[in-house]
Amino acid sequence: MLRDFFRTLRSYTLFEAVASLLLIVIFFWSFSQILGGGSSADDTYTEGAVGKILVLNPLYANFNEVDRDITQLIFSGLMRYDSRQGAMVDDLAKVTMSEDQMLYTFVIKPGVTFHTGKTLTADDVYFTYHDIIQSEEFSNSVLRANFSGVAITKKDAKTVQFQLDQPNSFFITNLSVGILSRDYYGDIPVGDLLLDEINKKPVGSGPYRVNDEYVASSRGEGKLSLIRYDDFYGGLPVLKHLVFRTYSSVDRLISSSSEFDAVGKISGDGAKRLADEGFAIHPYQLPQFKAAFFNTSRPFIKERSVRLALLKSVQKDELLKQLPDTTPVDTPFMELAQDQWVNKPDVKEAQGALFDAGYRYPDPKNPGIRAKKGVPLRLTLVYFEKSDAGKTVSEDSLTAQFLKNSWDAIGIGLDIKVYPPDQRSEMVSKRDYDILLAGESLGYDLDTYFFWHSTQATELGSNLSNYRNFSADALIEDIRRYFDEARKSKRLTQLAGIVQGDIPALFLYRPVYYYASQGLFDGYALDKLAFPADRFFNIQLWKPVK
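With that settled, consider the sheet that holds strand S18 (residues 413–419). Pairing within the open sheet is mixed, and its six strands lie in the order S14-S20-S13-S19-S17-S18. Across the chains shown, the open sheet's two edge strands, defined by having one partner strand only, are strand S14 (326–328) and S18. Looking at each pair of strands side by side, their axes are set apart by 30° on average, direction ignored. Pairing of strand S17 (residues 378–384) with strand S19 (residues 435–441), which is carried by two bridges, proceeds in the parallel orientation. Within S19, the position partnered with Leu-381 by the bridge is Ile-435. On top of the sheet, helix H9 (residues 304–312) reaches strand S13 (288–294), S17, S19 and strand S20 (505–511); it is set at about 30° to S20, its chief contact. The sheet strands contacting helix H12 (residues 395–408) are S13, S14, S17, S18, S19 and S20, and the helix crosses S18 at an angle near 165°.

What follows covers the pattern of salt bridges. Under the criterion given, the structure shown has 28 salt bridges. With its nearest N and O atoms 3.8 Å apart, the salt bridge here joins Asp-90 to Lys-94. With relative accessibility at 25%, the residue Asp-90 sits in the partly exposed group. Ionic pairing is found between Asp-230 and Arg-228, a salt bridge with its closest N-O pair at 2.7 Å. The partly exposed category is assigned to Asp-230, whose relative accessible area is 45%.

In this structure the tally under the stated criterion is 30 aromatic pairs. Centre to centre, the rings of Phe-289 and Phe-293 are 6.5 Å apart; their planes meet at 40°, and the pair counts as tilted. The exposure class of Phe-289 is buried, given its relative accessible area of 2%. Geometrically, the ring pair formed by Phe-293 and Trp-452 is tilted, given 6.2 Å between the ring centres and 35° between the ring planes. On the criterion of sequence distance, the pair formed by Phe-293 in strand S13 and Trp-452 in helix H14 (residues 449–452) is long-range, its members being 159 residues apart. We note that Phe-293, like Trp-452, is buried. Feature note: the residues Tyr-45, Phe-244, Tyr-515, Phe-521, Tyr-524, Phe-536 and Trp-542 constitute an aromatic cluster, connected by ring pairs. Over the ring of Phe-531 we find Arg-68; its NZ or CZ atom is 3.7 Å from the centre of that ring. The ring of Tyr-482 has Arg-487 lying over it, and the distance from NZ or CZ to the ring centre is 3.7 Å.

With that settled, the discussion passes to the packing of H9 against helix H11 (residues 347–356). Where H9 contacts H11, the axes come no closer than 8 Å and their chain directions differ by 165°. As the angle between them shows, H9 and H11 are arranged roughly antiparallel. As for the relative orientation of H9 and H11, their crossing is left-handed in sense. On the side of H9, the interface is formed by Ser-305, Val-306, Leu-308, Ala-309 and Lys-312, while H11 contributes Val-347, Glu-349, Ala-350, Ala-353 and Leu-354. Looking at the contact of H9 with H11 residue by residue, the classes come out as seven nonpolar, one polar and two charged.

So, on to the side chain of Ser-205. Inspection of the secondary structure assignment puts Ser-205 in the loop between helix H6 (182–185) and strand S8 (208–216). Since its relative accessible area comes to 0%, Ser-205 is described here as buried. A distance of 2.6 Å separates a polar atom in the side chain of Ser-205 from a polar atom in the side chain of Ser-76. Sequence-distant contacts of Ser-205, that is, excluding residues within four places in its chain, are made with Ile-74, Phe-75, Ser-76, Leu-92, Val-112, Thr-113, Phe-114, His-115, Leu-120, Phe-232 and Tyr-233.

We now examine the confidence of the model for the chain. Of the residues in the chain, 89% have a pLDDT of 70 or more, and the chain-wide mean is 89. Contacts of residues 25–40 to residues separated by more than four positions or lying in other chains number six contacts, the stretch itself having pLDDT below 50.

Burial in helix H8 (residues 268–276) covers these residues: Gly-268, Gly-270, Ala-271 and Leu-274. Buried residues along H8 sit against helix H7 (250–255), strand S11 (262–266), strand S12 (280–284) and strand S21 (513–517). In the stretch just after H8, Gly-278 is the one whose phi turns positive, near 100°.

What follows covers the pairing of S13. Here S13 lies mainly inside the structure; seven of its seven residues are buried. Burial of the side chains of S13 extends over both faces: Gln-288, Lys-290, Ala-292 and Phe-294 are buried on one face and Phe-289, Ala-291 and Phe-293 on the other. As judged from the seven bridges shared by S13 and S19, these two strands associate in the antiparallel manner. Within S19, the position partnered with Gln-288 by the bridge is Ser-441. Relative to S20, S13 is paired through four bridges, and the arrangement is antiparallel. Bridged to Ala-291 within S20 is Phe-507.

Conventions and cut-offs
Just so you know, the residues in each chain are numbered from 1, in the order the chain's sequence is written. Per-residue local features of the predicted model are confined to residues with pLDDT of at least 70, and side-chain atom pairs are confined, for both listing and counting, to 80 or more; whole-chain, interface and lining totals are unaffected and use all residues. Side-chain metrics rest on all non-hydrogen atoms present in the structure, leaving aside hydrogens and water. Two strands form a pair only when DSSP identifies at least two bridges running between them. By the criteria applied, helices consist of DSSP H or I runs no shorter than four residues and strands consist of E runs no shorter than two, each listed in order from the N terminus. A fitted line through C-alpha atoms serves as each axis, taken over the contacting stretch for helices, and the angle formed by two N-to-C directions is quoted from 0 to 180°. The contact rule is simple, with two residues in contact once any of their heavy atoms fall within 4.5 Å. Whenever a carboxyl oxygen of Asp or Glu lies within 4 Å of a side-chain nitrogen of Lys or Arg, that contact is scored as a salt bridge. Here's how the labels work: a residue is buried when its accessible area is under 20% of the maximum for its type, exposed when over 50%, partly exposed in between, all with a 1.4 Å probe on protein chains only. Pairing of aromatic rings covers Phe, Tyr and the six-membered ring of Trp, with a centre-to-centre limit of 6.5 Å; geometry is then stacked below 30 degrees between planes, edge-to-face above 60, and tilted otherwise. By definition, being over a ring means that NZ of Lys or CZ of Arg is both within 6 Å of the ring centre and within 35 degrees of the ring normal. Geometric relationships in this document are graded by angle, where less than 35 degrees denotes roughly parallel, more than 145 denotes roughly antiparallel, 65 to 115 denotes roughly perpendicular, and other angles denote oblique. In this scheme the handedness of a crossing depends on how the near helix is turned from the far one: anticlockwise by less than a right angle means left-handed, clockwise means right-handed. As a working rule, the residues Ala, Val, Leu, Ile, Met, Phe, Trp, Tyr, Cys and Pro are called nonpolar, Asp, Glu, Lys and Arg charged, and the rest polar, with Gly in that last group. Polar contact is the term for a pair of N or O atoms within 3.5 Å; when the atoms are in protein, one must be able to donate a hydrogen and the other to accept it, and sequence-neighboring residues count only if both atoms are side-chain atoms. Every residue gets a pLDDT, meaning the predictor's confidence in that residue, from 0 to 100.

Here it is in structure tokens:
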């Protein structure tokens, strides 16, 4: 048969032969697309990212940014963050609140199903929040703390209630967590859920479902394919396929730039190099900052005069000249004015604060470290970073050295210690540092409770400065308790004044990030992101550029 085919082909003219072969190729390509569920370039959007996909489970997605991006598309929650409004809105359920603002009632919308086809019910909501998140075996302590003291009740197949023990105007933001299917996840012990293989084959109720399971190469690079879930209860996206490619480093990502349409988050030199590859670079900022947190329980640091000297001696503008993808920040309340006297650098005032507190140079003819009662003023600064010989100088290492030089100049000795990230939890819980160089993200609600309230100055809390001020506590509680925005704004201004006066940290800068795009797709919005994953809020509106 094959011999007859080629004999017939030889009898054709050159034009007839080429045309016949072309038709055969088109036929088999079209047939393979039908069998394999392939997509055209117009309905497939591909993103590149540095990192790995670790756990595709929304209850742990805050541990890894790549996981958060993808679970945002696979899962849906009772609420979701609208990055256009900068506010929480209904997602798979409608919410009502009681008059005393302590009872939240959610009624699931009609037609909400998981990717298995099973209807999402109150059992699944209760399973997610009560059976898992509130379990003592649940390993995400931050998420579990958000539901401490909350009574969760199933009223019927479509209705779930959350009863608070006191009003909390920020509570609603906790309800954007993706809902897990009891049928699919229910047989796994809560303590084992984080590491279970089921997280490689997630099932949610979001606009996309997993098409091909993620597999990483020996170099840590991999690919995950998502396909549109056509029974999604919300508006269906135009894009049928989303592909995520992960790379082990910025260098590997940039050298592979022909493999993707966009990068969701990149900064610094990486953004410039992608621009050189023809990508359009779109800047955005998140509600997060980098600071040097002063451990106010430690010797020396517990003295306000020392903290004032540490603050006033740093020429922040000079530091930021070396960190171009940043903007200055002087308070943890970033939307407030930042022009207070205490934040203005003045080396003479810094030296005066130390002198007035009794710190003298041991030998005026040989300047060096100051001392008080014979005890040298020497501190330890800690930060966490992966060791990677041969890489360029990191932001943290550059910042730490700048701080050291600034404080050396006024007689404060500084030892810099760098630890791997896997030691962070233990060292932070023990508060084993004088100064911690770290970033903080305020997330969706700008709630300062976990960062500055006295009750969080514990091993399990996130009050990194061990800051305690009962007047500040009262304001933090008041801001949480009341929903009136004018009242909250007034209290926030008062709180900012107290925190600035106490100097629990040296607030440094906000990073600038970039969305890099080849310009093949349109519809994304970057105005009010709380996390990079929020760019997918309006994924239904994304479309190819014709």
